[in-house]
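Structural overview
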Amino acid sequence: MTALGIDVGGTYTKWVTLEGDAVSGSGTVPTPPGPDETVKLAASLAPHAESIGIGLPGHVDRDTGTALFVPNPPGDWDGYPVGTRLRALTGVPVRVVNDARAFARAELALGAARGLADVLFAVLGTGVGGAVALRGAVLVGPRDNLGEIGHVTVSPWGPLCCCGNRGCVETFAGGPGIVRAHGLGTAGTKATAAEVAEAARAGDERAVQVFEQAGWALGVALGDAAAFFGVGSAVVGGGVSGALDLMRSTLHTELARRRPLIGEVTVLPAVLGPMAGAIGAALYGRRSG
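All chains use their own residue numbering, which begins from 1 and follows the written sequence. This being a predicted model, a pLDDT of at least 70 is required before a residue's local features are given, and a value of 80 or more before pairs of side-chain atoms are given or counted; all residues contribute to the totals for chains, interfaces and linings. Side-chain descriptors were evaluated using all non-hydrogen atoms of the structure, hydrogens and water having been removed beforehand.

1. Thoughts on helix α3 (residues 99-110)
- The terminal C-alpha atoms of α3, which comprises twelve residues, lie 16 Å apart, in line with the 16 Å expected from a rise of 1.5 Å per residue.
- Within α3, nine of the twelve residues are buried, which leaves the element mostly enclosed by the surrounding structure.
- Exposure classes here rest on a 1.4 Å probe applied to the protein chains alone. A residue is buried below 20% of its type maximum, exposed above 50%, and partly exposed in between. Put simply, DSSP marks the helices as runs of H or I at least four residues long and the strands as runs of E at least two long, and each gets a number from the N terminus on. Among all positions of α3, only Asp-99, Ala-100, Arg-101, Ala-102, Phe-103, Ala-104, Ala-106, Glu-107 and Leu-108 are buried.
- Distance and chemistry together define a polar contact, namely a pair of N or O atoms within 3.5 Å, with one atom able to donate a hydrogen and the other to accept it when in protein, and with adjacent residues in sequence counting only for side-chain atoms on both sides. Where α3 begins, the capping side chain belongs to Asn-98, and its oxygen is found 2.8 Å from the backbone nitrogen of Ala-100. The span one expects for a helix is its residue count, reduced by one, times 1.5 Å.

2. As for the pairing of strand β3 (residues 22-30)
- Strands pair, by our definition, only if DSSP identifies at least two bridges between them. Of the pairings in the sheet, the one linking strand β2 (residues 12-19) to β3 comprises eight bridges and is antiparallel in character. When the sheet's bridge partners are listed, Val-16 is paired in β3 with Ser-26.

3. Let's talk about the nonpolar core
- Counting residues in each nonpolar core, the largest one holds 41 residues, and the members touching the most others are Leu-120, Phe-211 and Leu-222.
- Looking at this core, the elements with two or more residues in it are β8 (119-124), β9 (128-134), α4 (170-173), α5 (175-182), α6 (193-201), α7 (205-229), β11 (233-237) and α8 (244-257).
- At eleven residues, the largest contribution of residues to this core is made by α7.
- By the convention used here, residues are in contact when the closest approach between their heavy atoms is within 4.5 Å. Not counting residues up to four positions away in its chain, the partners in contact with Leu-120 are Ala-131, Val-132, Leu-222, Ala-225, Ala-226, Phe-229, Val-231, Ser-233, Ala-234 and Val-235.
- As used in this record, nonpolar core signifies buried Ala, Val, Leu, Ile, Met, Phe, Trp, Tyr and Cys residues forming a set joined through side-chain atoms within 4.5 Å. Listed in part, the 23 residues of the second largest apolar core include Trp-15, Ala-67, Tyr-80 and Leu-86.

4. What to know about helix α1 (residues 35-45)
- Turning to α1, its buried residues are Pro-35, Thr-38, Val-39, Leu-41, Ala-42 and Leu-45. Projected down its long axis, α1 carries its buried residues within an arc of 160°, all on one side.
- Where the residues of α1 are buried, they touch β1 (2-8), β2, β3 and α2 (82-90). Think of the arc as the fan of directions from the helix axis to the C-beta atoms.

5. Here's the deal with the sheet that holds β2
- Taken in spatial order, the five strands make up an open sheet running β3-β2-β1-β4-β7, and their pairing is mixed. Among the strands making up the open sheet, the edge pair consists of β3 and β7 (94-98). Pairwise comparison of adjacent strand axes, ignoring direction, gives a mean angle of 15° for this sheet.
- Where β1 lies against strand β4 (residues 51-56), five bridges are found, and the strand directions are parallel. Paired with Ala-3 across the strands is Ser-51, a residue of β4.
- On the sheet, α3 packs against β1, β4 and β7 and is oriented at approximately 100° with respect to β7.
- Across the face of the sheet, helix α10 (residues 276-286) comes into contact with β1, β2, β3, β4 and β7 while running at roughly 130° to β1. Under this scheme, a helix contributes an axis fitted over its contacting stretch, all axes are lines through C-alpha atoms, and angles between N-to-C directions fall in the 0 to 180 degree range.

In C-alpha cells, the structure reads:
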C-alpha cells in the first residue's frame, strides 16, 4: 500500500510516500501560512495514498487527531482538528503524531537506532524535539508529549522560550536561538543556523562559541534524560544537526562530567536525513490503514 507521511515544520514541510519500507516519492515546500492551508496541501500531495500520517511540532491528541499545543508553524494550530479535516478531504485513514516521536519511529525502525531497544532522540530544527524508546517502543504520553528534551531548563534566567519557560535547550540549540545568539544578519535580512555554522568553520570565534553553547545545552538535556531513563544511546537529527561536529566537544564534556551516575552515553548521528520525520509519520499512518 502507498503510505503518505508529512512532517510539518516551523519553516518547511516535508513529505514522503512509502511503498513497503522504500521511499517512492518525496518533496519539501515552505510551510503554509496556517493549518487550513497545510491540510489542503497535505490532501493534494498523494491522491492515491491509502493512509496518511502527519507529524506536528507540538502536543497532539492522537485519538481525535487534534492539535493541542503547536507553537512554531505559522497560524493558530491549537485546538485545530487536523485528522478530521484531512480525512474529510481525502477519505483515507489519518493519524496525527508528534514530529519528534515520528522521527524516533523512523530511526528506530530503519535508521541509526535499528537493532537498539533503549534510545534517546533529539531533533534540532526550528525548535528542539525529543523522544524516548524503551524496550523497542517509542513512548507516547497522554498528549503525545513524552520526551520533550528541548524543553529541559538549562538556564533559569535564559532567553524566553515559545513554551513560556526561560532557558530551555531550544533557546540555545534550535535554529532561531543559534542565529539570535550570534547576531548574524541585518535588519530585514533573515540568517540561518547553517550560515552561522559556515561562519564557525571559517574561523568566526563568536559562531564557534554559539555552537559550543548549543552543545553544552544539549549535553545537559541528554544527561538529565539518561539519568532519568537509564538509557545509554542517543540519536541526534534534524536540520541543525548538520553542525553536530561543532557541538560535540562541549556535548561530550557535559556527558563525561556525569559519567559516574549515567555511565557511557553514545551519541549517534541520525542517518535518514531530513525526511526522517516524514518517514516516521508515514509508518505511523500506515498502522491505521
